[in-house]
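Tertiary structure, described
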Amino acid sequence: MRVKTIQIVWHEKKPVYSVDFHSSGVLATGGGDKDVKLWEVKLDSEQNPVVTHLGHLMGHTRAVNTVRFAPSGQLLASAGVGGEMYLWKPSTETQKVFGSEETDPGWKTSAALRGHTDDVQDLAWAPDSSALISGSIENICIIWDVEAGARKCRLEDHRHYVQGVTWDPASEFVISQSADRTCRVYGPKGPVLGKKKAKKSQAASSVNMVLDMQCLHVLSKRAMPASGPSEHEQEDSKPQRLSLFQDEQLNSFFRRLAWSPDGSFLVVPCGQYKQTADSPTLFTAYVYARGHWAQPFLRLPATNKAVVAVRFCPQLFSLRDCPQQDNGLSGNQQQQPFQLPYRMVFAIATLDSIIIYDTQQPTPIAVLGSLHFEAVTDLAWSCDGAFLAISSYDGYCSIASFDKGELGEFVLAADLPPHIRERVACAAKQAAPAASTPHPHKTPGPASGSASMPPPSTSQASRLQQEDFSMLSPLPMRKMNASMAVGEKSGMKRIAPTPIVAGTCCKKI
């Protein structure tokens, strides 16, 4: 792994608020200079990550808080201050940008979405790219019909800024996270007595699913044993309930949560954990198993700063033969935190570091620190898992590059579980036309033979809602600790896995 902070003028030395990769490898960024910019990311002759500016999309009149490519690759959504939201689509026409020597980057405005009156903090696409959800500081979420360019419904349950949204890869749940210290799970209403079920064709797209959506669960607090002077008093007293998430004093605009590519679990940032009422508060990210919303089954400890964003590598990897390490953990503590037939890799961003995990081991792969002078804002993986982009308030982005096979071997489509295999085939069909026309400068598609993992298509969404995602064993909540690998801000770094410190093993709550 190589990590480099690219010290160029990304957005006129103003904060970079968001990053996202297209399936062709193009990186989009949004920042405080009111522009969406497109970049080519590659390796130089010395295998160091470098970027080349391809162009910028002009239309916003104020800062851009979030940019997200649609799973189909045919649209780019951007949103920011003042409720401005735009959809961009690929264009084969090339022309000079008025007042500039640059050529058009190959994308043009498709639609302006009108509905928010204040800042939009996050966006998330439906798996079939037919719908889009946005969260704003008006305390609401809006779900959009992309084809019509119109509002489909408003979710008004939060009592504070909505700072993070995500859409279930199986198109069953929509999740939002707010500064009101809650995370809300929205899903279809249950069957009503005396009413016939809707036909499958009516629920084929994510847009139609939205019509029957309601808040199913509120993730907010957990019970904690009361601490009393005696065991008898503890038995008589009611258990205290502790807030799972931090309040509005969090030093970040964003709470960017994420689903795993297979839809089996959800990772929620901005968590706080206390073992007892008198214990110090620890920063963490919580992991919820799909459909089991009563309490998280795992917690991922952060450094001494809050977790603000989570992002999964789109690829699935084969399991590794990992011999038991001599790191002070007992045999029970060495067990895999996730019981899955494959590995998934994901990164969580704290305000000052990046922690990379995989689902096969209880310790991080690496911890990246001292990359930026100010807080991290967003993360993005390239579709082939070769790059991890990191944005920051200091106006710079860092790029982590991974050698071929460093994260593991891709799971072949034939070896994938059935409920994911069809999703991969659909994603390949969707990405093929998109990769040919993202912009006039670059047209490569995903690497051949790789198991790219965007969400399911329209035709698969309704069937996937009924599938069993119980492969995740509901393990007791655990704590994972790691040392930090740090280096100079401007230099290249080789990040090696750091063994867990003896005495800081996984513990049940």
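Here we summarise the structure given alongside this text. All values reported here derive from a predicted model rather than from experimental measurement.

Comments concerning the overall build of the protein chain
Looking only at helices and strands, the protein chain features 4 helices and 32 strands. Counting all 509 residues of the protein chain, 59% fall into the buried class. Taking contacts inside the protein chain between residues at least 6 apart in sequence as the whole, the part at least 24 apart equals 62%. Accessible surface, the protein chain as shown: approximately 21100 Å² in total, 49% of it carbon and sulfur.

Some points on the sheet that holds strand β17 (residues 213–219)
Read from one edge to the other, the open sheet built from 4 strands follows the order β14-β15-β16-β17, with strand pairing classed as antiparallel. Each of the sheet's edge strands pairs with one partner strand only, and the pair in question is β14 (162–167) and β17. In this sheet, adjacent strand axes meet at a mean angle of 25° when their direction is disregarded. Relative to β17, strand β16 (residues 183–188) runs antiparallel, the two being bridged by 6 bridges. Directly across from P188, in β17, lies its bridge partner M213.

Details of the sheet that holds strand β20 (residues 258–259)
A sheet is described by the order of its strands in space; here 4 strands give the open sequence β20-β21-β22-β23, paired in antiparallel fashion. Strand pairing shows two members of the sheet lacking a second neighbour, β20 and β23 (298–301), which therefore form its edges. Bridge count between strand β22 (residues 282–289) and β23: 4 bridges; the pairing is antiparallel. Directly across from T284, in β23, lies its bridge partner P301.

Things to note about the packing of aromatic side chains
Per the stated rule, a full pass over the model turns up 19 aromatic pairs. For the ring pair W10 and W39, a centre distance of 4.6 Å and an interplane angle of 50° mean the geometry is tilted. Here W10 is found in the loop between β1 (2–6) and β2 (16–21), whereas its partner W39 is found in strand β4 (residues 36–43), with 29 residues between them in sequence. Each member of the pair, W10 as well as W39, is classed as buried. Both rings, one in F317 and one in F410, keep their centres 5.5 Å apart while their planes meet at 50°; by these two values the pair is tilted. Of the two residues, F317 is situated in strand β24 (residues 307–317) and F410 in the loop between β30 (397–401) and α3 (418–436); the sequence distance between them amounts to 93 residues. Ring-pair connections join several aromatic residues into one group, and the members of that group are F265, F297, F312, F338, F346 and Y357. The ring of Y273 has R299 lying over it, and the distance from NZ or CZ to the ring centre is 3.6 Å.

Quick word on the nonpolar core
Counting residues in each nonpolar core, the largest one holds 30 residues, and the members touching the most others are V345, I354, I356, L368, W381, L388 and F402. Listing elements by their share of this core, those giving two or more residues are β24, β25 (343–350), β26 (353–358), β27 (366–369), β28 (376–381) and β29 (387–392). The greatest single-element share of this core, amounting to 4 residues, is contributed by β24. Sequence-distant contacts of F402, defined by excluding residues within four places in its chain, comprise M1, I356, W381, G385, A386, L388 and L407. Residues V267, A285, F297 and V307 belong to the second largest nonpolar core, which totals 26 residues.

Concerning the environment of R222
Structurally, R222 is set in strand β18 (residues 221–224). Among the residues examined, R222 registers a relative accessible area of 6% and is labelled buried. With 72 residues separating them in the primary sequence, R222 and A294 have C-alpha atoms 8.6 Å apart.

Observations concerning the pattern of salt bridges
Opposite charge on two side chains lets them pair, provided their charged atoms get close. Going through the model one piece at a time under the given rule, you end up with 9 salt bridges. For E156, the salt bridge is made with R154, and the minimal N-O distance between the two is 2.7 Å. Two residues, R290 and D168, come together in a salt bridge whose shortest N-O distance is 2.7 Å. Pair noted here: R290 is in the loop between β22 and β23 and D168 is in the loop between β14 and β15 (174–178), with a separation of 122 residues, a long-range link. Note on D168: relative accessible area 0%, which makes it buried.

A closer look at the side chain of S176
By the secondary structure assignment, S176 is in strand β15. In this structure the side chain of S176 is engaged in a polar contact, spanning 2.7 Å, whose partner is the side chain of H158.

Regarding unusual backbone geometry
Phi at S129 takes a positive value of approximately 65°, unusual for a residue other than glycine. Inspection of the secondary structure puts S129 in the loop between β10 (120–125) and β11 (131–136). Backbone geometry at S171 places phi at a positive 60°, although glycine is not the residue there. As for its position among the elements, S171 is in the loop between β14 and β15.

Scoring rules and cut-offs
- Residues numbered from 1 in each chain as written.
- Predicted model: local features only at pLDDT ≥ 70, side-chain atom pairs only at ≥ 80, totals over all residues.
- Heavy atoms only, no water.
- Helix = DSSP H or I, 4+ residues; strand = E, 2+ residues; numbered from the N terminus.
- Buried < 20%, exposed > 50% of the residue type's maximum accessible area, 1.4 Å probe, protein only.
- Contact = heavy atoms within 4.5 Å.
- Areas by Shrake-Rupley, 256 points an atom, 1.4 Å probe, with all protein chains shown as cover.
- Pairing = 2+ DSSP bridges.
- Axes fitted to C-alpha atoms, helices over the stretch in contact; angles between N-to-C directions.
- Phe/Tyr/Trp six-rings, centres within 6.5 Å; stacked < 30°, edge-to-face > 60°.
- Lys NZ or Arg CZ within 6 Å of the ring centre and 35° of its normal.
- Core = buried A, V, L, I, M, F, W, Y, C linked by side-chain atoms within 4.5 Å.
- Salt bridge = Lys/Arg side-chain N within 4 Å of Asp/Glu carboxyl O.
- Polar contact = N/O pair within 3.5 Å; in protein donor to acceptor, adjacent residues only side chain to side chain.

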